[in-house]
Amino acid sequence: MENKIQPMVIRNGIHPTHLMFADDIFLFCNGGKKSIENIKSLLIEYQVASGQVFNATEKKCFVDGASDTRKRQIADYFQMDISSFPDKYLGVFLAQGKMKYIHIWHLVDYMHLRLASWSGNLLNFQARLILVNHVLSSISIYNLSIYKWPRKVLEASEKVIRNYLCTGNAEERKCVTLKWDNVCTSKEEGGLGIRKFEDMNKALLMKLLWKILHCQDEWANFFLAKYMDKNGKCITFYRKSSIWNGIKWFLPEFIDNTRWIVGNGLKISLWNDRWIFDEPICKLFPNHPYIPLHLHLKVKDLIVDNQWCFHEDFLQFFNIDQLPALKEGEDLLIWSNSHSGVFTVSDAVNKIRIHHPKLHWYKKI
């Protein structure tokens with residue numbers, strides 16, 4: 001079917017045609033007559049080859065940028081109903097633009113529903129703490145890893161947990177005797193080891209960005225092509241997205257905790273990335289006149305035949321002895337807070353959360 005289905009959108013030559021998740025497949029194409037005819041032919045060929053039957057009544061069709069008449073024609077051709085955003089897929093709302101609390105509030109209601117079946121008054125504090133850490137806090141993990149939660153939902157979710165933990169009833173509020181930030185610290189710092197929703201939200205979105213940066217799949221390359229400029233820097237202007245808004249939220253923290261291992265130097269900005277010092281060169285020399293004149297230089301411009309080779313002008317920024325050893329292959333982005341250099345959610349949460357002095361007596365409790 002190559003060249004028979006026109007792409008829906010193209011970014012830097014990248015045009016996703018399909019995504020597969022679990023036992024579902026998402027097909028993307030231009031709404032032109034030839035494209036939709038070839039899509040239908042493809043589905044018919046698949047049915048014949050596999051013996052499976054395509055049930056149009058259980059599928060969804062999304063059409064945008066077309067008149068209502070054209071939308072109805074496409075729906076009639078595929079014998080499918082036209083769907084629109086926001087929509088729900090596997091418990092996650094798919095919406096255009098910034099996520100609002102009305103899209104996520106159902107999770108707060110679900111937490112109340114789960115608590116209604118638990119007799120909190122019959123459980124002691126330790127039992128309620130286990131339920132909070134292993135059940136309530138995990139209900140929202142999937143959604144927290146996809147988009148930034150509005151402040152209103154974060155506070156409502158933590159209120160449910162706080163009330164249940166202290167009283168056994170999500171609706172009953174107890175007089176505050178200890179600051180919630182202190183409760184959400186590690187046990188060795190005098191807390192209960194509960195993770196704040198905001199910290200988890202940031203850490204899980206960091207995991208998503210980490211996957212995008214290290215994945216070679218077409219969807220990841222398309223995302224980078226859409227939200228990064230030609231110099232590899234994130235765009236600063238607005239683009240409607242339910243994902244990008246969350247990534248911008250934590251991006252400075254993510255950048256501060258990552259650095260590059262130099263390979264061929266293609267991906268690394270000479271001035272803006274951490275590759276030689278603990279800070280980017282542009283921060284160490286903020287007013288140097290040479291940098292704006294050569295703003296788009298990459299580390300690859302200093303490498304010839306897998307060896308450092310550059311003009312003496314660069315010696316005003318670093319010495320030859322400070323240059324890192326070159327590794328074979330592509331550049332590698334590593335997580336600075338891990339011995340292995342691999343990002344983990346637990347490392348990210350530990351870096352993001354509020355820290356308190358460790359207590360020498362916590363093991364005796």
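Up top is the structure.
Presented here is an overview of the structure given in this document. Since the model is a prediction, treat every value here as computed from it, not as a measurement. (Residues numbered from 1 in each chain as written. Predicted model: local features only at pLDDT ≥ 70, side-chain atom pairs only at ≥ 80, totals over all residues. Heavy atoms only, no water.)

The final tally for this structure, using the stated rule, is 24 aromatic pairs. Summarising the aromatic geometry, the rings of Phe 254 and Trp 335 are spaced 6.1 Å apart at their centres and angled 45 degrees between planes, so their arrangement reads as tilted. Within this pair, whereas Phe 254 is found in helix 10 (residues 244–256), its partner Trp 335 is found in strand 10 (residues 332–335), the two being separated by 81 residues in sequence. Each of the two residues, Phe 254 as well as Trp 335, counts as buried. An aromatic cluster is built from Trp 271, Trp 275, Phe 285, Tyr 290, Trp 308, Phe 310, Phe 314, Phe 317 and Phe 318, whose rings are joined through pairwise contacts. The ring of Tyr 101 carries the charged tip of Lys 152 above its face, separated from the ring centre by 3.9 Å. Across the ring face of Trp 105, the terminal group of Lys 152 is positioned such that the distance to the ring centre comes to 5.9 Å. (Phe/Tyr/Trp six-rings, centres within 6.5 Å; stacked < 30°, edge-to-face > 60°. Helix = DSSP H or I, 4+ residues; strand = E, 2+ residues; numbered from the N terminus. Buried < 20%, exposed > 50% of the residue type's maximum accessible area, 1.4 Å probe, protein only. Lys NZ or Arg CZ within 6 Å of the ring centre and 35° of its normal.)

What follows concerns the packing of helix 3 (residues 101–116) against helix 4 (residues 125–139). Contact geometry for helix 3 and helix 4: axes closest at 9 Å, N-to-C directions at 145 degrees. Here Leu 107, Tyr 110, Met 111, Arg 114 and Leu 115 of helix 3 lie close against helix 4, whose contacting residues are Val 135, Leu 136 and Ile 139. Residue composition of the contact of helix 3 with helix 4, by class: seven nonpolar, no polar and one charged. (Axes fitted to C-alpha atoms, helices over the stretch in contact; angles between N-to-C directions. Contact = heavy atoms within 4.5 Å. Nonpolar A, V, L, I, M, F, W, Y, C, P; charged D, E, K, R; others polar.)

Here we take up the nonpolar core. The biggest cluster of nonpolar side chains holds 78 residues, and the ones touching the most others in it are Leu 136, Trp 149, Trp 271, Trp 275 and Phe 318. The element that contributes the greatest number of residues to this core is helix 8 (residues 197–214), accounting for 10 residues. Setting aside chain neighbours within four positions, we find Trp 275 in contact with Arg 259, Trp 260, Val 262, Ile 268, Ser 269, Leu 270, Ile 281, Val 299, Trp 308, Phe 318, Leu 323 and Pro 324. (Core = buried A, V, L, I, M, F, W, Y, C linked by side-chain atoms within 4.5 Å.)

Fair warning: the whole summary comes from geometry, so function is off the table for now.
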